[in-house]
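Listed here are the chains, written in short residue letters.
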Amino acid sequence: MNSDEIKRLSIKLPRIELRHPVMNASGILGYTYEHLLRMREWGLAAIVTKTFTAKGREGYETPIIIELPSGGYLNAVGLANPGKDALYDLIPQAKELGLPIIVSVGGSSEKEFVDVAVAAEESGADAIELNLSCPHTKGYGIDIGSDPGNVKSVVREVVGAVKIPVYAKLGLSDKLINSCEAALSEGASCLTLINTIKATYIDVYTLKPVLTNIVGGLSGSPLHPIAIRVVYEVYKEFEACIIGVGGVYDWRSAAEFIAAGARAVQVGTLLALKGRELVEEILRGLLKWLDIHQAKRLSDLVGAAVKQ
Ligand SMILES: Cc1cc2nc3c(=O)[nH]c(=O)nc-3n(C[C@H](O)[C@H](O)[C@H](O)COP(=O)(O)O)c2cc1C
C-alpha cells in the first residue's frame, strides 16, 4: 500500500492518530511481548492488550473456547492475566514497536479500576479501555457495565486519576444507551462497542454444558449484526467516537461498522484465525469502498448510513 492510500485510511481518535482503522480486540493475544510482536507483524494500526486486573488471575479450566456448530465461537477465559505489575515490563517493550498501545483495564471496584489504570499510564500506555462488559466473570465486566450508575462512578474515578484518554468498552444490556451516556458524561473519549454476549452450549450426548463456566461469551459472525445495530443506535443518539467490534470477518463487515458510525474497528476471533491475511483484505477492500463512494478519506464515510 502506498503512502497516499495509507493517508486515505488514516483515522483520528482523541489524541491518537491511527494509520488505518484496524486494531485487535482485547483478549486476542496481548499479554506477552511475543503476542505483541505477532500483532505488529499482522499490520494492525494499534494494539489493545488483554484485560489486566490488579492481581493475576488463573481463569477457568479448559475448555475455555469452542467453535459452535451453529456458527461463531463461545469463550469463557475468566479474565486470565498476569496482573497489573506485569504492565511495567510489557508496555515499555510494546512501545518499541512504534504503535499506539491501548491497555484494557478490568476491575471489580472503582479502586481496582483506578489502580490498574494508573499502572497502565505509568508504564507508558497511550490510552485505556475500561472493560465494563466481559460477560462471564462474576463481579467484573457486564456485572458493572449494565448499571449506568456504576459506569458513571468508575469512569469518573479513572478519568480523574489519569491524563491519557479513557475509552469505555460496553456490552449488551437493557440499559446500554444509559451506560453509554453515563460514560460520555464522565469524560470517556470513545466507546468501544460491543463485547461478547452471554451464551451457553450443551453437549446433547453428555447432557452437560460444554464450558466449565456454563456461560460464555458469543463471538464471531453471529455477533456482527447485533454489534452493527448497537453502533448505529449509539452513533445516532450521541455522535460519539466509537470503535466497533463484533464479528468482523472481511472488509465489508468492517465497512458496515464505519457506515454505522465507528471511526475504527477491532477484530477478535477471526483475526486469531486469519492474522495478517485478514488485515490486508480489510484494508484493500476499504480503499475500493472509498472509490465506489468517491470519498477522499475513510473519515468522510463515518456514520454515512446514519446521516442518510
Ligand atoms: C478468547 C477471547 C478472549 C477475550 N478476552 C477479552 C478480554 O480480556 N477483554 C475484553 O474486553 N474483551 C475480551 N474478549 C472480547 C473481544 O475483545 C471482542 O469484544 C469480542 O470477541 C467480539 O469480537 P469478535 O467477534 O471479533 O471476536 C475476548 C474474546 C475472546 C474470543
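Anything mentioned here points back to the structure above.
Numbers given for residues are sequential positions, taken from 1 along each chain in its written order. Local features in a predicted model are, by the rule used here, given only for residues with pLDDT of at least 70; side-chain atom pairs are given and counted only at 80 or more, and totals for whole chains, interfaces and linings are based on all residues.

## Re helix 11 (residues 276-292)
Point 1. By definition, any uninterrupted DSSP run of H or I lasting at least four residues is a helix, any uninterrupted run of E lasting at least two residues is a strand, and each is numbered from the N terminus. How far a helix is expected to stretch is found by multiplying one less than its residue total by 1.5 Å. With 17 residues, helix 11 ought to run about 24 Å at 1.5 Å a step, and its terminal C-alpha atoms sit 24 Å apart, in line with that.
Point 2. We call a residue exposed when 12 or fewer other C-beta atoms sit within 10 Å of its C-beta, buried when the count reaches 20 or more, and partly exposed for counts in between; the C-beta positions come from the backbone. Every buried residue of helix 11 is accounted for by Leu278, Val279, Ile282, Leu283 and Leu286. Each buried residue of helix 11 lies within a common arc of 130° when the element is viewed along its axis, so the set occupies one face. Those residues of helix 11 that are exposed and angled more than 90 degrees off the buried face are Glu277, Lys288, Asp291 and Ile292.
Point 3. Placing C-beta atoms from the backbone, we regard two residues as in contact once those atoms come within 7 Å. Turning to helix 11, the residues buried within the fold contact helix 1 (3-9), strand 3 (22-24), helix 9 (251-260), strand 16 (264-267) and helix 10 (269-274).
Point 4. Backbone geometry just downstream of helix 11 places Gln294 in the positive-phi region, at approximately 45°. Directions drawn from the helix axis to the C-beta atoms are what define this arc.

## Observations concerning the sheet that holds strand 5 (residues 65-67)
Point 1. Criterion used throughout: strands pair if DSSP finds at least two bridges between them. Taking strand neighbours across the sheet as the criterion, the 4 strands line up as 5-6-14-11 in an open arrangement whose pairing is antiparallel. Among the strands making up the open sheet, the edge pair consists of strand 5 and strand 11 (197-199). Sheet twist, expressed as the mean angle between neighbouring strand axes with direction ignored, is 35°.
Point 2. Note that strand 5 and strand 6 (residues 73-75) share 3 bridges and pair antiparallel. Looking across to strand 6, one finds that Ile66 is bridged to Leu74. Axis lines are fitted through C-alpha atoms, for helices just across the contact stretch, and the angle between N-to-C directions can take any value from 0 to 180 degrees.

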